[in-house]
Amino acid sequence: MAKKAAPSKRQLAMVFDLNKCLGCQTCTLACKTAWTTRAGMEHQWWNIVNTFPGRGTPRDVFSHGGGYTKKGEPIPGDFPSKRLWGEAWDFDYEGVFGSNRDEPIPLHPREHDGAAPQWGPNWDEDMGGGEYPNSYFFYLQQICMNCSEPACVEACPRESVYKREEDGIVLIDEERCHGYRFCAEACPYKRIYFNEQRNIAQKCISCFPRLEAGVAPACIRQCPGRVRHIDYLDNADGHIYKLVKKWKVALPLRPDFGVEPNVYYIPPTSPLAFKENGEFDDTGSRIPMDYLKEMFGPGVEQALATLEAEREKAAAGKKSELMDILISRNWNDLLGPFTVDPAQLQRQPVR
Amino acid sequence: MLILRRIPRWATTGGALVAVLLCAGLLQLANANPAASQTLTLTAWQASEDPGLDPNHELWSRTQFVQAPLTAQAGSYAAGGGSIPVVWARALHYNNTLYVRLEWEDSTQDGSALKVEQFADAAAVEFPAKSATSVPSVCMGQADMGVNIWQWRADSLGNPNELYANSVVDTYPSTDDLFYTARAAGNPYANPKQGPVQNLVAVAFGTLSPAATQDVQGQGAYSNGRWSVVFSRPFTGASEDLAAFTAGTSTDIAFAVWNGSEGDRNGRKSVSSFLTLNVSGAAIPEPEGSDWLVLALAAGALLVIGGGGIGLGLYGLREGKRSA
């Protein structure tokens, strides 16, 4: 393998509260309009929100290898094909709006070879798991995890993927990238796209030009549900430190991948299940605990218990620091040190 | 081995000599030069006219080839390749410009990398930099002895817009190069205006970078399960980190071939070791036996000598048995 990433001096981290996400994809479109509107990026969704349990984006997202074993050995990964990612579909506008048509035809999407789509970026939205009346799901937001052990960095033979020393953001140097896609194979979260028109790999850049101007990333700032928190992981007064280190309610996604991701999730609470006789089954969560442990690691049981206890405390009118953080009555509190309003920035005119 | 020991020495020696003569004669007729890799020499002959970039130019069929064995790249991550066992190389020069033609068998034409799961076929030639005082490491050179690599990629033939031929795009927010970030950063692989050949320099693994001057031309053609690719560049390199050629002198040349359908890219490739590239001042030699009469006479002589040798060998074997 190529070189491992050197540890960064500080690490920027995020916490996404799965209990507040309403799946509106405002984050997805905030990212899309900011970064991936140009030719060759039509199919790229650097930020994606999928329903889980589900197959994700690309299809069967966590089954394509990558990451490390417990001994730190790289796990070979594969390429989900373009079809598993979901193409940017075409629509027969001419057929629909053509003037010489006797009968209207419906606006069916088509893949570029004319075939009907078999998968797309949010294909199984809201399907979830379980059976009525005990069905369940949650929305899972995914961006680049800016891992502390980034497999993509080690996989790149050209050293064009790197982890920034000042904030631990993982970036691809587009001047050096030759489009070999070893990084895409190595990423266990499959968050790296291929731009076939520019012959390079591309992914979420954590809105680093915004961060450098003191502005929070677009997906975080535009989230209407106040789901997303950002700060440096070592800021003991910040939300991230308190949620991850102090309260231990924010957990990494699929910690078994061995890459030490820096996006953490508040695991989903769920209502009680119904017994066959229609009564509440108060023995556990409706979302199976085994599934939650697979997704968020063994700490999820304690995290959910803590959330439950603090919620009850707040409901009883007592003060709960944890609930105050998660509610974030002051919106800017979510943004850590990145509270600059982009509308107030002096903008450089584009050439 | 008992029987062998009883064969008279003159018979075995004679048989071996005849076998060698037979092989040499056949190879001469076949116009091939499969010398051992350590001593393999590719001669760039002086062409009488400009061979141009067309791999099917008539001059090439009259030019003797060298058959260079290729192996999987095992020296460094990402190791792999090896699906292309051999490349046939020819070289010419005309008007102080070097032309190198590579040909190899590949049953799959991977001429595009338009989807995340696709990789393109490619080929490269490598030379020591002009500044190198000795032969650099064939594996991307070393700090004080760099290499100059010319890489041709089959996807340069493809048009990315083909994939989106049916797509409907109302408008892109901006088509300014500034927003095509890789291109704006000067990444030649991201620039559709760049020709099919990249002129690259390297001084170690991971240092491969585009040269300041992109003056290498090339053209590839695929037919009947074979790629043939011509590279061309004027003798004089624009800088010290590039290869330089002079008629009447020798330098070194190595080859690499990537098979896209095998997932080859970067270090996953089939590679040769360095061969000697002799830039000859002489014209393309007429292949021996190109005259049908000479050819027939040579074949006849070989048959007589070969047949006699085999006969002698058998006679010796029988006599050896009888005396036992």
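Data block above holds the structure.
Residues numbered from 1 in each chain as written. Chains lettered and ligands numbered in written order. Predicted model: local features only at pLDDT ≥ 70, side-chain atom pairs only at ≥ 80, totals over all residues. Heavy atoms only, no water.

Draft legend 1. Local environment of the nonpolar core. F138, L140 and F296 of chain A are the most contacted members of the largest nonpolar core, which totals 95 residues. With residues up to four places along the chain from it excluded, the contact list for F296 of chain A reads L18, F138, L140, L251, P252, L253, P255, Y265, P267 and P268 of chain A. Counting 34 residues, the second-largest nonpolar core is a separate cluster that includes L40, L42, F235 and A243 of chain B. (Core = buried A, V, L, I, M, F, W, Y, C linked by side-chain atoms within 4.5 Å. Buried < 20%, exposed > 50% of the residue type's maximum accessible area, 1.4 Å probe, protein only. Contact = heavy atoms within 4.5 Å.)

Draft legend 2. Main features of the sheet that holds strand β10 (residues 228–232) of chain A. Residues and elements named next belong to chain A. If you trace the four strands from one edge of the open sheet to the other, you get β10-β1-β12-β11, paired in mixed fashion. Looking at the sheet topology across the chains shown, the edges are occupied by β10 and β11 (251–252). Inspection of the sheet shows β11 paired to strand β12 (residues 263–266) by two bridges, in the antiparallel sense. Residue pairing in the sheet places L251 in a bridge with Y265 of β12. Sheet strands in contact with helix α8 (residues 239–246) are β1 (12–17), β10 and β12, and its direction is about 95 degrees off that of β10. (Pairing = 2+ DSSP bridges. Helix = DSSP H or I, 4+ residues; strand = E, 2+ residues; numbered from the N terminus. Axes fitted to C-alpha atoms, helices over the stretch in contact; angles between N-to-C directions.)

Draft legend 3. Here's a closer look at the packing of helix α9 (residues 289–296) of chain A against helix α10 (residues 300–315) of chain A. Residues and elements named next belong to chain A. At a closest axis distance of 9 Å, the pairing of α9 and α10 adopts a crossing angle of 105 degrees. Considering the angle they form, α9 stands roughly perpendicular to α10. Where α9 approaches α10, its residues M289, L292, K293 and F296 are matched on the opposing element by V300, E301 and L304. Here the contact of α9 with α10 is built from residues that sort into five nonpolar, no polar and two charged. (Parallel < 35°, antiparallel > 145°, perpendicular 65-115°, else oblique. Nonpolar A, V, L, I, M, F, W, Y, C, P; charged D, E, K, R; others polar.)

Draft legend 4. Structural context of the environment of A243 of chain B. All names here are of chain B. Of note, A243 is situated in the loop between β11 (226–234) and β12 (249–258). Relative accessible area serves as the criterion here: at 1%, A243 is assigned to the buried category. Taking the C-alpha atoms as reference points, A243 and V201, separated by 42 residues in sequence, lie 9.6 Å from one another.

Draft legend 5. The environment of C139 of chain B, seen in detail. Among the structural elements, C139 of chain B can be located in the loop between β6 (122–128) and β7 (147–153). You can call C139 of chain B partly exposed: its relative accessible area is 32%.

Draft legend 6. Representation of the side chain of T306 of chain A in the model. All names here are of chain A. Here T306 is to be found in helix α10. Take T306: its relative accessible area is 15%, and that puts it in the buried class. With residues near it in sequence (within four places) discarded, T306 still touches W247, V249 and L322.

Draft legend 7. Highlighting the side chain of N148 of chain B. All names here are of chain B. Locating N148 in the fold gives a position in strand β7. N148 sits in the buried class, given a relative accessible area of 0%. Within the structure, N148 has its side chain in polar contact with the backbone oxygen of L200 (distance 2.9 Å). A polar atom in the side chain of N148 sits 3.0 Å from the backbone nitrogen of A243. With near-sequence residues (within four places) excluded, N148 lies in contact with V125, E126, F127, A129, N199, L200, V201, R233, D241, L242 and A243. (Polar contact = N/O pair within 3.5 Å; in protein donor to acceptor, adjacent residues only side chain to side chain.)

Draft legend 8. Spatial organisation of the packing of aromatic side chains. Tallying each qualifying case throughout the model produces 24 aromatic pairs over all chains. Ring plane angle 85 degrees and centroid distance 5.7 Å describe the contact between F16 of chain A and Y265 of chain A, whose orientation is recorded as edge-to-face. Residue F16 of chain A is found in strand β1, and its partner Y265 of chain A is found in strand β12; the two are separated by 249 residues along the sequence. On the accessibility criterion, Y265 of chain A (0% relative accessible area) is buried. Taking the centre distance of 5.0 Å and the plane angle of 65 degrees together, the rings of W152 of chain B and W227 of chain B count as edge-to-face. Taken as a pair, W152 of chain B in strand β7 and W227 of chain B in strand β11 lie far apart in primary sequence, 75 residues in all. Residue W152 of chain B is classed as buried on the basis of its relative accessible area, which comes to 0%. Taking the relative accessible area as the measure of exposure, W227 of chain B reaches 0% and is therefore buried. Following the ring pairs from residue to residue traces out a cluster consisting of F16, F138, Y265, Y291 and F296 of chain A. The ring of W119 of chain A carries R55 of chain A above its face, with NZ or CZ at 5.4 Å from the centroid. The ring of F194 of chain A carries R181 of chain A above its face, with NZ or CZ at 3.7 Å from the centroid. (Phe/Tyr/Trp six-rings, centres within 6.5 Å; stacked < 30°, edge-to-face > 60°. Lys NZ or Arg CZ within 6 Å of the ring centre and 35° of its normal.)

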